[in-house]
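# Coordinate inspection notes
The lines below spell out each chain.
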Amino acid sequence: MADEVVRQDGIGSPDQLERLWTPYRLAYIRGESKPSSSESHECPFCRIPKLDDEAGLVVHRGETCYVVLNLYPYASGHVMVCPYRHVPEYVDTTDEEAVEMAELTKKAVTAIRQVSQPEGFNIGMNQGVAGGAGIAAHLHQHVVPRWVGDQNFMPIIGGTKTFPQLLADTRRLLADAWK
Ligand SMILES: [Zn+2]
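Below or above, wherever it landed, is the structure these notes cover. Values in this document were obtained by computation on a predicted structure and should not be read as measured data.

Cut-off values and rules
- Residues numbered from 1 in each chain as written.
- Predicted model: local features only at pLDDT ≥ 70, side-chain atom pairs only at ≥ 80, totals over all residues.
- Heavy atoms only, no water.
- Pairing = 2+ DSSP bridges.
- Helix = DSSP H or I, 4+ residues; strand = E, 2+ residues; numbered from the N terminus.
- Axes fitted to C-alpha atoms, helices over the stretch in contact; angles between N-to-C directions.
- Contact = heavy atoms within 4.5 Å.
- Polar contact = N/O pair within 3.5 Å; in protein donor to acceptor, adjacent residues only side chain to side chain.
- Phe/Tyr/Trp six-rings, centres within 6.5 Å; stacked < 30°, edge-to-face > 60°.
- Buried < 20%, exposed > 50% of the residue type's maximum accessible area, 1.4 Å probe, protein only.

### Notes on the sheet that holds strand β4 (residues 79–83)
- If you trace the five strands from one edge of the open sheet to the other, you get β2-β3-β4-β6-β5, paired in antiparallel fashion. Edge positions in the open sheet fall to β2 (58–61) and β5 (120–125), since each of these has one partner strand only. Looking at each pair of strands side by side, their axes are set apart by 15 degrees on average, direction ignored.
- In terms of strand pairing, β4 meets strand β6 (residues 141–146) through three bridges, oriented antiparallel. When the bridges of β6 are listed, valine 81 appears paired with glutamine 141.
- Of the strands in this sheet, β2, β3 (65–69) and β4 are in contact with helix α5 (residues 167–178), which crosses β2 at around 25 degrees.

### Describing the side chain of histidine 142
- Of note, histidine 142 is situated in strand β6.
- Side chain to side chain, histidine 142 and histidine 78 meet in a polar contact 2.9 Å long.
- Filtering out sequence-adjacent residues up to four positions away, histidine 142 remains in contact with Asn70, His78, Val79, Met80, Asn122, Ile123, Gly124 and Asn126.

### Looking at the packing of aromatic side chains
- In the structure shown here, the tally under the stated rule is one aromatic pair.
- Both rings, one in tyrosine 66 and one in tyrosine 84, keep their centres 5.3 Å apart while their planes meet at 15 degrees; by these two values the pair is stacked. Here tyrosine 84 lies in the loop between β4 and α3 (95–116) and tyrosine 66 lies in strand β3, a separation of 18 residues in the sequence.

### Let's talk about the pairing of β6
- Among the six residues that make up β6, five are buried, leaving the element largely enclosed by the rest of the structure.
- Relative to β6, β5 runs antiparallel, the two sharing six bridges. Bridge pairing in β6 places asparagine 122 opposite valine 144.

So this is what it looks like as structure tokens:
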């Protein structure tokens with residue numbers, strides 16, 4: 001069972017770090033929803049809302065924006081808040097989208113606090129490739145829970161990040177906490 005390959009669809013920007021998954025139990029992750037390679041130009045932030053919550057790691061769906069777990073999290077519970085519309089920059093949002101992005105960001109912090117009691121947060125948007133956006137064409141706001149000392153030696157020493165929960169478990173915990 002430990003050698004079984006699991007595949008999770010989702011959104012994120014790969015980096016050079018390996019992820020060391022340390023689940024307390026083996027979670028079941030569905031692999032049938034992986035993107036078809038012929039659709040490489042399709043925007044993942046536009047594609048994910050068409051999947052069901054579990055397959056796309058969607059935590060919450062609002063009227064104009066939704067909340068999704070990052071497939072390559074900086075920390076366990078790292079989510080992104082983004083409009084459904086394919087717009088690249090914050091200034092491109094409608095008033096309704098900007099208000100709901102703010103509301104969902106606040107609710108994400110509350111839900112993450114309830115689930116994992118982080119000691120701090122990083123919240124923000126990377127605008128454009130120069131600003132560090134992995135998927136610059138579609139606006140998204142990161143909400144990253146932080147703990148004192150959380151990144152202090154594993155990523156540096158081993159090129160490895162550790163996560164106590166699999167993404168599917170994290171998504172379920174956050175979705176439940178949202179209600
Ligand atoms: Zn898009």
